[in-house]
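Overview (structure and organization)
So you can see what is in the structure, the chains are spelled out below.
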Amino acid sequence: MNTFKKNIFLLILVSLFINCESKTNLSDIQIEKKVDEIIDQMTVDEKVGQMTQIDQRFLDTITDLSTYSIGSLLSGGGSHPSVNEPQAWLDMYNKYQSETLKNRLGIPLVYGIDAVHGHNNVYGATIFPQNIGLGATNNPELIYEISKATSLEVAATGIDWTFSPCLSSPEDYRWGRTYEGFSSDPNIVENLGAAAVEGYQSVETETGKKVIACAKHFIGDGNTEFGTGMNGLVDRGNTILTSEELKEKLLPKYKAAIDANVQTVMASYNSWNGIKCHGSKELLTDILKIELGFEGFVISDWQGIDEIPGDYKSDIITSINAGIDMVMVSGQGQPYKKFMKLLKESIQEGSIPMSRIDDAVKRILKVKFSNGLFDSPLVTNESLDIIGSEKHRDIARQAVRESVVILKNDGLLPISKEISSIIVAGRGADNLGMQCGGWTINWQGGQGDITVGKTILDGINNSVSVDTNVIYSKDGSDLSSVSGDLAVVVIGEDPYTEFFGDKDSLDLLKEDIDTINQLKNKGYKVFVLLISGRPMNVADHIDEWDGFAAIWLPGSEGDGVSDILFGDYPSTGRLSYPWPIQAEKGANAKTSDLLFDVGFGL
Ligand code: GLC
C-alpha cells in the first residue's frame, strides 16, 4: 500500500476511532449550539468560502480547498476522475475531503453530483429508468427502493449529496427535460418525489455519514411558455402563473419534499412572471423559507445566478439577498476567486447584510452536521461492491418491467419463447446508450456500449429458447428471405440533456419509419418499441403497426422489457402523461385531441 493510501487508511482509522468516541445523533439543539460556536469564530473569507461550490474539474489547485475553506465541490455531468471506475471516484473524494479538512476550523466539504437515475456518472453503476418511466410505474415503494439503492452507490464512492429528485411536472413535451419529470400531474410528482427524498436520505455509511437529497428546480421549471426559452424554445423560459395558481399547483410537491425532510433545494433557471427564480426573494425566502418553513439550504443551479439581468457583482448581490445560500459557481464561466472577491466586497460595502451571510452559512453548517460530515467525512472502500450489484440490477429490471406501457397489441403479446425465429430491428435494439438517455456517463449521454448493462436485444436473446433463431437487423434492409413472421422494432430518440433536447417538432425519425416500412413490406408483423423522453407523434403510423409500447428511457437493465414481451410478468405500466395526437400540444391538450389519456395502458 503506497504512502498516500496508508495515510488515507490511517486518517480513516483515526476518524473511525474519534467517531466511535463521539458518534452521537446530535439533537437539533446540540447542532444549533455547535453551529453557533463555529460561526462565531469564522472570518468573512471563511464564510464566503462555505458559500462557494466549484466543479472539481475547474479547481486551479487542490490547496485552494483548504486555503479558502471551500464549502462544496460538485461533479457536473461527465466530471469524472482520471479513470472512470468506482475506486478512482472514492480516491478522488477522499483526496479532496482530506485537503479541505486542513482548513483552519476543520470544516468538511460537502460533495454533490447528479445521481438522477442511479449513480449515472460512474462506469458500471446501476442505471435506473429515467423519471418519466418511473412515473408510469406509479409505485412509490419501488421509487423509495431505487433512490435508496442509488444513495448506497453514491455513498460507496464517498459522495455526500445528489441533486435529485427533480420535481418538475412538465407540460410542454417540446422541453428537453420532460423525461426528468415523473408526470405532468403535480399530484403524482408530489407522491413519488417524497418517496424519492426518503429513499435517498435513508442511507448512512458505515461511518455514520448520510446522503443528502435535493428538490429541484424551484420553481416552475416544466411550466414555461413555448418561445420564451433558450434559442426561442422552452428550457429556462418564463412561467406565467398568478401567485395563487403557483401556490395551488406547484407548491404542494415541494411541501411534501420538505415534510420528507429534504435537506437542500435547487433554484430553477426559469423566470416566474418575468423574474428569474434565482433573483426572486418572494420565491426563495418569503415562500420557500418562511411560508413553507424550509430549514435546509438553497443551492443555485450551474452558473444560474449569471443569468440574472445585470453584471456579475449585481447578480451576486441580488441572488444572495433573494435567498440563495450556496452558489454553484462551477468555475467554468466566472472564476471562483472572482466570485469570492465580489461576494466579500458586497458584504463589506453593506450590499449584502452580514445577517444574510450568517443565515446562509448556518444553514450550510447545519446540514453538514446533521449528515455526519463533521464526524466522519472520509470513507473506506469496503462498500464498492454494491455499485452495479446484482441486487440493484434486479431492482432496476423490476422498474423497467413496471415502466413499460403497452398502447396497442393486436394479439402479438405475449410472444412464445418457443417461437422458431424472430427479427429484432431498429436503431435502439442493441444500443445501451440510447436506452439510458441523457445524464449517463457523460452530461449528454452517448451511443452504444457506454457502460455495463443489457440491451433490448440481449433481453430477447436471453428469453427465447435455444432453438429460436434471433435475427438482428438494424435497419431491416438486409433480410433476404422472409424467416418467421414477427419483428420487434426498437425506434426512438438519441440521448440528450437539458436544452439540447428542446425541439419544435416531435415527429419520429424518417429512418425509423423506413425501417418499420421495410419490415411491413416484407410481410412481417411489427411490434414497435419506442425509446423516448416524452410522448411523440405516432398517430399517423400506429394503424400500420401490429403492436406498440412506450418503454421511455429504461436504463441499463433492458431485459426488463423482455419480461413483458414474453409474458413472464403482467404489464402494469400506465401513462403518467396524456398522449396527444399531436404531441406538441403537450399535457394541456383537450381530451378530444388525445390519442391516449393519462392512466391508459393495456
Ligand atoms: C445543470 C442542471 C441541474 C444540475 C446542475 C449540476 O445545469 O440544470 O439539474 O443539477 O446543472 O449538474
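Just so we're clear, the structure is a prediction, and the values are computed from it rather than from any experiment.

Right, let's get into the domain arrangement of the chain. The assigned domain composition of the chain is domain 1 (50-377) and domain 2 (387-596). In this complex, domain 1 contributes 56 residues to the contact, which on the side of domain 2 involves 54 residues. Contact with domain 2 buries area across many residues of domain 1, yet Tyr173, Arg174 and Tyr179 alone supply 18% of it, more than any other trio. Joining domain 1 to domain 2, the criterion identifies two salt bridges. Notably, a salt bridge pairs Glu498 with Arg236, separated by 3.3 Å at the nearest N-O pair. Listing elements by their share of the side of domain 1 that touches domain 2, those giving two or more residues are helix H6 (131-137) and helix H7 (140-156). The leading source of residues in the side of domain 1 that touches domain 2 is H7, at seven residues. For the side of domain 1 that touches domain 2, the per-class residue count stands at 26 nonpolar, 20 polar and ten charged.

A word on the environment of Asn371. Positionally, Asn371 belongs in the loop between helix H14 (354-370) and helix H15 (390-403). What Asn371 contacts, discounting residues up to four positions off in sequence, is Gly208, Lys209, Lys210, Val211, Ile212 and Gln263.

This next bit is on helix H12 (residues 312-322). Within H12, eight of the eleven residues are buried, leaving the element largely enclosed by the surrounding structure. Against the buried residues of H12 lie helix H11 (281-291), strand S11 (327-330), helix H13 (336-348) and H14. Two to three positions downstream of the cap, the backbone nitrogen of Lys313 sits 3.2 Å from a side-chain oxygen, assigning the N-cap of H12 to Asp311. Where H12 terminates, the next one or two residues include Gly323, which has phi positive at roughly 130°.

The end-to-end C-alpha distance of H13 is 18 Å, a good match for the 18 Å that 13 residues give at a rise of 1.5 Å each. Along H13, the residues that are buried comprise Tyr336, Phe339, Met340, Leu342, Leu343, Ser346 and Ile347. Buried residues along H13 sit in contact with helix H3 (44-50), strand S1 (52-55), helix H4 (64-67), H12, S11 and H14. The positive-phi residue at the C-terminal boundary of H13 is Gly350, with phi of around 85°.

What follows concerns the packing of aromatic side chains. Counted according to the given criterion, the structure contains 16 aromatic pairs. Summarising the aromatic geometry, the rings of Tyr173 and Tyr577 are spaced 5.7 Å apart at their centres and angled 80° between planes, so their arrangement reads as edge-to-face. Of this pair, Tyr173 sits in the loop between strand S4 (161-162) and helix H8 (186-200) while Tyr577 sits in the loop between helix H19 (559-565) and strand S18 (579-580), and the two are 404 residues apart along the sequence. You can call Tyr577 buried: its relative accessible area is 0%. Considering the side-chain rings of Trp443 and Phe500, the 5.5 Å spacing of their centres and the 85° angle between planes classify their relative orientation as edge-to-face. Highlighted residues: Trp443 in the loop between helix H16 (432-436) and helix H17 (456-463) and Phe500 in the loop between strand S15 (486-492) and helix H18 (510-521), separated in sequence by 57 residues. We classify Trp443 as partly exposed; its relative accessible area is 26%. Through successive ring pairs, a cluster of aromatic residues spans Trp545, Phe548, Trp552, Trp579, Phe596 and Phe600.

Quick notes on the rules
Here the residue index of a chain counts from 1 through its sequence in written order. The model is predicted, so local features are restricted to residues of pLDDT at least 70 and side-chain atom pairs to those at 80 or more, both for listing and for counting; the totals for chains, interfaces and linings are taken over all residues. With hydrogens and water excluded, all non-hydrogen atoms of the structure serve as input to the side-chain values. The split into domains, and so the bounds of each, comes from an automatic or database assignment of domains. Residues are treated as being in contact if the distance between any of their heavy atoms lies within 4.5 Å. Note on definitions: buried area is the accessible-area loss of two parts on being combined, 1.4 Å probe, summed for both. Salt bridge, as used here: a side-chain nitrogen of Lys or Arg that lies within 4 Å of a carboxyl oxygen of Asp or Glu. A run of H or I in DSSP becomes a helix once it reaches four residues, and a run of E becomes a strand once it reaches two; helices and strands are each numbered from the N terminus. The classification used treats Ala, Val, Leu, Ile, Met, Phe, Trp, Tyr, Cys and Pro as nonpolar, Asp, Glu, Lys and Arg as charged, and all other residues, Gly among them, as polar. Each residue gets one of three labels from its accessible area relative to the maximum for its type: buried under 20%, exposed over 50%, partly exposed in between, using a 1.4 Å probe on protein chains only. Two N or O atoms count as a polar contact when they lie within 3.5 Å, although within protein this holds only if one can serve as hydrogen donor and the other as acceptor, and sequence-adjacent residues are included solely when both atoms are side-chain atoms. Helix span, as expected, comes to 1.5 Å for every residue beyond the first. Centres within 6.5 Å make a pair out of two Phe, Tyr or Trp rings, where for Trp the six-membered ring is used; the pair is then stacked when the planes are under 30 degrees apart, edge-to-face when over 60, and tilted otherwise.

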